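Understanding the architecture of this molecule
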Amino acid sequence: MTVSNSNIHHNNGEGVGPFLGSSHWDIRNNVVHDNWSVNVYIDTDLGDVNVSGNYIYNSPGTSDPNNQKDGIRIASEYADLDRKTSKTSIDRIHITNNRIEGTGGGIRFFPYAGGNSYLKDSVISGNTIANMLANRDAILVDRADGVRVSDNTAPGWQIRLHEGVIAYNN
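What counts, and where the lines are drawn
- Residues numbered from 1 in each chain as written.
- Predicted model: local features only at pLDDT ≥ 70, side-chain atom pairs only at ≥ 80, totals over all residues.
- Heavy atoms only, no water.
- Helix = DSSP H or I, 4+ residues; strand = E, 2+ residues; numbered from the N terminus.
- Buried < 20%, exposed > 50% of the residue type's maximum accessible area, 1.4 Å probe, protein only.
- Pairing = 2+ DSSP bridges.
- Salt bridge = Lys/Arg side-chain N within 4 Å of Asp/Glu carboxyl O.
- Phe/Tyr/Trp six-rings, centres within 6.5 Å; stacked < 30°, edge-to-face > 60°.
- Lys NZ or Arg CZ within 6 Å of the ring centre and 35° of its normal.
- Axes fitted to C-alpha atoms, helices over the stretch in contact; angles between N-to-C directions.

Notably, Asn29 is not glycine yet its phi reads approximately 55°, a positive angle. Examined against the element boundaries, Asn29 turns out to sit in the loop between strand E3 (23–28) and strand E4 (31–33). With phi around 50°, Arg92 is a residue other than glycine that occupies positive phi space. Inspection of the secondary structure assignment puts Arg92 in strand E9 (residues 89–96). Judged by relative accessible area, which is 33%, Arg92 ranks as partly exposed.

Bringing the pairing of strand E6 (residues 47–52) into the picture now. Taken together, the five bridges between E3 and E6 define a ladder with parallel strand orientation. Of the residues in E6, the one forming a bridge with Ile27 is Val51. Here E6 runs beside E9; their pairing, made up of five bridges, is parallel. Note that in E9 the partner of Ser52 across the bridge is Thr96.

With that out of the way, let us pick up the pattern of salt bridges. Evaluation of the coordinates by the stated rule reveals six salt bridges. The partner of Asp70 in a salt bridge is Arg73, with the nearest N and O atoms 2.9 Å apart. In this structure, Asp70 and Arg73 share a single accessibility class: buried. Arg108 is the partner of Asp70 in a salt bridge, and the nearest nitrogen-oxygen pair spans 2.9 Å. Linking Asp70 in the loop between strand E7 (55–57) and strand E8 (72–74) with Arg108 in strand E11 (residues 107–109), this pair joins segments that are 38 residues apart in sequence. In terms of burial, Asp70 and Arg108 fall into one category: buried.

With that out of the way, let us pick up the packing of aromatic side chains. To describe a pair of aromatic rings, you give the distance between the ring centres and the angle between the ring planes. Using the criterion set out here, one finds one aromatic pair in the structure. In this structure, Lys69 is placed above the aromatic ring of Trp36, and the distance from its NZ or CZ to the ring centre is 5.2 Å.

What the five strands build is an open sheet, ordered E5-E8-E11-E15-E18; its pairing is parallel. The open sheet has two edge strands with one neighbour each: strand E5 (40–42) and strand E18 (159–161). Looking at each pair of strands side by side, their axes are set apart by 10° on average, direction ignored. Inspection of the sheet shows strand E15 (residues 139–141) paired to E18 by three bridges, in the parallel sense. Across the sheet, the residue bridging to Val141 is Leu161, located in E18.

The structure is reproduced here in structure tokens:
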């Protein structure tokens, strides 16, 4: 599935959201903004997803400043992890050359409800993250195996990477 050269906005949920068992997505050169939830949400059981060259901004969420939504979130919904077809990893996700600003957090991967999911064989590179609305990480990768994070720019914001991440020039 390819989503490209589109203006995606004012949805009553995620802006772009490949989900449950889908793979081979290419999300590129879009303007994604003002969606009620996460602007780009990469959900459970995914593989081979490219998110590149997008301008992602303003994910207002609610009026609660601690509930501002992320620009890009990668996660396995804990409700989905009990499915017999569910994997524990999200594989081969490439998030490159995006500009993210005015969102709650930048690019974040974490397992919901302490689940056993992890990000595997993926790349987060060349992204620029600025002017976040909440005190969140510009980039967070909580559990990983073979994930490369490199050459991202996030002036004044924290990049937190845990075991299994190869990081340089951030």
